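# Per-entry structural report
Given next are the chains, with one letter for each unit.
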Amino acid sequence: MSAKDIFHAVVRLALEKEGWTITHDPLYLKVDEDKLYLDLGAENNLLAAERYGQKIAVEIKSFLGLSLINDFHQAIGQAWNYKVVLEEQEPNRILYLAIPEDIYEEFFTRRLAQMSVTRMQLNLLVFNPIRQEIVTWK
């Protein structure tokens, strides 16, 4: 199993603040001999919530490497594999890539990132690590 991202606890807390129940930490998937571990699985059971009954899988990325583009390539590739497996094994669970707000503003507003996210139909969960809250769901 891979190490938890530096922002793992932050994103978990931010989800709980919004009424999500963490059901898996990590969310384990298996395809034949390949084992995959998404950072979090969650479910929203608040009756008043806009996302009532929704199940999500969240992969958290810090983008703290030496190259944003390399971090992006790794995150997109990993997210693609998770998306494919989730569509087969848990089609009712929606995948989100969780990214810090500053990385969203600095990198995910660029054309390359926007084209890739759109083509892949990847959902983003943008969080503020200082306030430990979700800024936006995209």
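Below is a short write-up of the structure. The structure displayed is predicted, hence computed values, not measured ones. (Residues numbered from 1 in each chain as written. Predicted model: local features only at pLDDT ≥ 70, side-chain atom pairs only at ≥ 80, totals over all residues. Heavy atoms only, no water.)

## Re the sheet that holds strand β5 (residues 55-60)
The condition is simple: We treat two strands as partners when DSSP finds at least two bridges between them. The secondary structure listing takes helices from DSSP runs of H or I that are at least 4 residues long and strands from runs of E that are at least 2 residues long, numbered from the N terminus. Angular values range over 0 to 180 degrees, each being the angle between N-to-C directions of two axes fitted as lines to C-alpha atoms, with helices fitted over their stretch in contact. Whether two residues are in contact is decided by their heavy atoms: any pair within 4.5 Å suffices.
The strand order across the open sheet built from six strands is β1-β4-β5-β6-β7-β8, with neighbouring strands paired in mixed fashion. The sheet terminates laterally at β1 (20-24) and β8 (133-137), the two strands that pair on one side only. Each neighbouring strand pair of the sheet contributes to a mean axis angle of 35°, computed without reference to strand direction. Where β5 lies against strand β6 (residues 93-100), six bridges are found, and the strand directions are parallel. When the sheet's bridge partners are listed, Ile56 is paired in β6 with Ile94. Against the sheet, helix α2 (residues 68-89) makes contact with β5 and β6, and its axis sits at roughly 165° relative to β6, the strand it touches most. Along the sheet, helix α3 (residues 101-108) makes contact with β6, β7 (123-128) and β8, crossing β6 at roughly 90°.

## As for helix α1 (residues 8-17)
Convention followed: Buried residues are those whose accessible area, probed at 1.4 Å on protein chains only, stays under 20% of the maximum for their type, while exposed residues exceed 50% and partly exposed ones sit between those limits. Arc definition: directions from the helix axis to the C-beta atoms.
Every buried residue belonging to α1 is among His8, Val10, Val11, Ala14 and Leu15, and all of these are buried. Taken down its axis, α1 places every buried residue within 165° of arc, on the same side. The outward face of α1, more than 90 degrees from its buried face, is lined by the exposed residues Ala9 and Lys17. The inward-facing, buried residues of α1 contact β1, β4 (40-44), β5, β6, β7 and β8.

## Some remarks on the pairing of β7
Among the six residues that make up β7, five are buried, leaving the element largely enclosed by the rest of the structure. Two elements, β6 and β7, share five bridges in a ladder whose sense is parallel. In the sheet register, Pro100 faces β7, and the bridge partner there is Phe127. Relative to β8, β7 runs antiparallel, the two sharing four bridges. Across the sheet, the residue bridging to Phe127 is Ile134, located in β8. Linking β7 to β8, which pair antiparallel, is a turn of four residues; within it Gln132 sits at a positive phi near 55°.

## Considerations on the packing of α2 against helix α4 (residues 111-120)
Two packed helices can be described by the angle between their axes and the distance between those axes. Threshold: Each angle gets one of four labels, with under 35 degrees taken as roughly parallel, over 145 as roughly antiparallel, 65 to 115 as roughly perpendicular, and the rest as oblique. Polarity classes work like this: nonpolar for Ala, Val, Leu, Ile, Met, Phe, Trp, Tyr, Cys and Pro, charged for Asp, Glu, Lys and Arg, and polar for all others, with Gly in that last group.
It is the contact of α2 with α4, at a shortest axis distance of 12 Å, that shows an interaxial angle of 5°. The angle between α2 and α4 falls in the class roughly parallel. Of α4, the residues touching α2 (which contributes Ile69, Phe72, Ile76, Ala79, Trp80 and Lys83) are Leu112, Ala113, Ser116 and Met120. Its residues assigned to classes, the contact of α2 with α4 shows eight nonpolar, one polar and one charged.

## Examining the packing of aromatic side chains
Basically, it comes down to this: Here a pair means two rings of Phe, Tyr or Trp (six-membered ring of Trp) with centres within 6.5 Å. Their orientation is stacked below 30 degrees between planes, edge-to-face above 60, and tilted elsewhere.
Going through the model one piece at a time under the given rule, you end up with eight aromatic pairs. Centre to centre, the rings of Phe72 and Phe108 are 5.5 Å apart; their planes meet at 75°, and the pair counts as edge-to-face. With Phe72 in helix α2 and Phe108 in helix α3, the pair connects residues that are 36 residues apart, well separated along the chain. Pair check on accessibility: Phe72 and Phe108 agree, each one buried. An aromatic cluster of at least three residues, connected via ring pairs, comprises Phe63, Phe72, Phe107 and Phe108.

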